[in-house]
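# Examination of the molecular architecture
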Amino acid sequence: MATKPKLEIKNLAVRYNTKESSTLALTGVDLTVEDGEFVAVVGPSGCGKSTLLKVVSNLIKPAEGSVLIDGEPVKKIPDGVGMVFQNDALLPWKSVLDNVRLPLAVKNQSKEIQEETARKYIEMVGLAGFEDFYPKQLSGGMKKRVALARAFTYDPSLYLMDEPFGPLDAQTRVIIGEEFLKMWEKVGKSVLFITHDIEEAIALADKVVVMSNRPGRIKAEFKVDIERPRPFYETRFNPTFQRLQKEIWQALAEANKEVGSQL
Ligand SMILES: Nc1ncnc2c1ncn2[C@@H]1O[C@H](COP(=O)(O)OP(=O)(O)OP(=O)(O)O)[C@@H](O)[C@H]1O
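Residues numbered from 1 in each chain as written. Predicted model: local features only at pLDDT ≥ 70, side-chain atom pairs only at ≥ 80, totals over all residues.

Naming follows an unreviewed UniProt entry, where the protein appears as ABC transporter ATP-binding protein of Halalkalibacter oceani.

Written as structure tokens, this is what we have:
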């Protein structure tokens, strides 16, 4: 029997209304994330990628269409959804260990479980030995690792990620991407991942979705038929990767040329 998709977005339209203006940010968006699937979304700046995540996390309401998680319409910030955003804030007054165990403290798990789980993920992101450090003592890349460890500690069934490696330099991006991919391949949860980086999208995802200029629509979808586990960096020398890279560049170039309706 086919399992229900983790996330189903149907005929979604989103409009930002102010006293002076009304902006159609998304229109006719259909997108599915299957259970355990990693979907990356790329698209021109301002095409509505962040808006899409905000609707899924119920931070804004759509003008039309529906968002279903596990077949149920989203009515509040859904349980079991973990968010990692570009400028993910750690609590500056809490140590690395306390930041990472926070989601379990909120869930009232025992102190032993909190510590054991948090230490496991701190080690997995390569920060063993830094448990008692405070955020101000860490580099940008290390803070990002702490944020990822915290997301994994929360253990959501659906990850919503908006440019999670955004502020990092190119080399750190690759290192963190590698760590993240290894961790994700172990847990295998559903992910909706926004990025402007085509190579990152192909290296990570099962499916890459290209959005058009505003108002954002789905322009094309590409299945990434590259076996797992994948080496995050070396994957880019795989012929399938290179073919996809070319096709996605072309789709994006066309999407960039399209002049969308401004209303
Ligand atoms: N709060 C808001 N009020 C009015 N318009 C908004 C608001 N937030 C976003 N927009 C508009 O909606 C459109 C989509 O914005 P969004 O941030 O979703 O794009 P994006 O694809 O994530 O962009 P980028 O890649 O540059 O981060 C843009 O034209 C933007 O100006």
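### Regarding the domain arrangement of the protein
Just so we agree on the cut-off: Domain start and end points were adopted from an automatic or database domain assignment. Each residue gets a C-beta atom placed from its backbone, and two residues are in contact if those atoms lie within 7 Å. Strands are runs of DSSP state E lasting at least two residues, helices are runs of H or I lasting at least four, and both sets are numbered from the N terminus onward.
The domain boundaries assigned to the protein delineate domain 1 (1-80 + 156-263) and domain 2 (83-152). The distance between the C-alpha centroids of domain 1 and domain 2 comes to 25 Å. Contacts between the two partners involve 17 residues from domain 1, matched on the other side by 15 residues from domain 2. Sorting the residues of the side of domain 1 that touches domain 2 by element identifies β7 (158-162) and α5 (170-187) as the ones contributing at least two each. The leading source of residues in the side of domain 1 that touches domain 2 is α5, at six residues.

### Examining the environment of T195
Within the fold, T195 resides in the loop between β8 (190-194) and α6 (198-204). In this view, T195 contacts A40, V42, E163, E200 and A201; residues no more than four positions away in its chain are not counted.

### A look at unusual backbone geometry
For the bond running from R214 to P215, omega is -5°, close enough to zero to count as cis. Geometrically, the link from R228 to P229 is a cis peptide bond, its omega value of -5° lying close to zero. Tracing the chain through its elements places P229 in the loop between β10 (218-223) and α7 (239-257). Of note, the phi angle at N11 is positive, near 45°, even though the residue is not glycine.

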